Amino acid sequence: MAYDETLAQRLRDKLTDPAVTERKMFGGLAFFTNGNMTVGVSRDELIVRLGPEGVAAALTREGVRPFESGGRSMRGWVLVAGDRLDDPELDRWLAEAYDHVASLPPKAARR
């Protein structure tokens, strides 16, 4: 399954912290902060990690749906339609994901 390389490059341009790494997963691309998956790209959508407490509010926003992988719902994650991701909106999603992931303990980086 291909992913939107333009969206992936936009994320690379914004996620310049040395603690951020990227890895292919879910048939797309995932970005990790201190070893914790933060955001990703699946097809032309942004995968956002918000934690279970952030999902309900996120789902009220236009272009947002629950993230499912392998037929199961991924608790604490949403997908945001790529056509809803102008720069200010993308920045907001990145900030929300980073705020959640910053509250998690670091994980050892996988190779």
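First things first, this report covers the structure right here in the doc. Not measured: the values here are computed from a predicted model. (Residues numbered from 1 in each chain as written. Predicted model: local features only at pLDDT ≥ 70, side-chain atom pairs only at ≥ 80, totals over all residues. Heavy atoms only, no water.)

Observations concerning the pattern of salt bridges
The tally for this structure, following the rule as stated, stands at 10 salt bridges. With a shortest N-O distance of 3.0 Å, Glu 22 and Arg 12 are connected by a salt bridge. Linking Glu 22 in strand 1 (residues 20-25) with Arg 12 in helix 1 (residues 5-14), this pair joins segments that are 10 residues apart in sequence. Take Glu 22: its relative accessible area is 37%, and that puts it in the partly exposed class. Residues joined in a network through salt bridges with shared partners are Arg 10, Lys 14, Asp 87 and Asp 91. (Salt bridge = Lys/Arg side-chain N within 4 Å of Asp/Glu carboxyl O. Helix = DSSP H or I, 4+ residues; strand = E, 2+ residues; numbered from the N terminus. Buried < 20%, exposed > 50% of the residue type's maximum accessible area, 1.4 Å probe, protein only.)

Some points on the pairing of strand 5 (residues 64-69)
Remark: a regular strand shows side chains that alternate across the two faces of the sheet. Here 5 bridges tie strand 5 to strand 6 (residues 72-81), and the two strands are oriented antiparallel to one another. Opposite Val 64, over in strand 6, you have Val 80 as the bridge partner. Connecting strand 5 to the next strand, strand 6, in antiparallel fashion are 2 residues, including Gly 70 with a positive phi near 60 degrees. (Pairing = 2+ DSSP bridges.)

Describing the pairing of strand 1
Pairing between strand 1 and strand 2 (residues 28-33): 6 bridges, direction antiparallel. Residue pairing across strands places Arg 23 opposite Ala 30, the latter belonging to strand 2. The turn linking strand 1 back onto strand 2 is made up of 2 residues, and Phe 26 within it adopts a positive phi angle of 55 degrees.

A look at the environment of Asp 91
By the element assignment, Asp 91 lies in helix 3 (residues 87-102). Linking Asp 91 and Leu 11, residues 80 residues apart in sequence, is a C-alpha distance of 9.5 Å. Among the polar contacts made by the side chain of Asp 91, one reaches the side chain of Lys 14 at a distance of 2.8 Å. (Polar contact = N/O pair within 3.5 Å; in protein donor to acceptor, adjacent residues only side chain to side chain.)

Comments concerning the nonpolar core
Counting residues in hydrophobic clusters, the biggest one holds 22 residues, and the most contacted among them are Leu 11, Leu 46, Val 48, Val 78, Val 80 and Trp 93. Elements with a minimum of two residues in this core: helix 1, strand 2, strand 3 (36-42), strand 4 (45-49), helix 2 (52-58), strand 6 and helix 3. Per-element accounting of this core gives the leading share, 4 residues, to helix 3. Core analysis: the second largest hydrophobic core is formed by 8 residues, Ala 30, Phe 32, Met 74 and Trp 77 among them. (Core = buried A, V, L, I, M, F, W, Y, C linked by side-chain atoms within 4.5 Å.)

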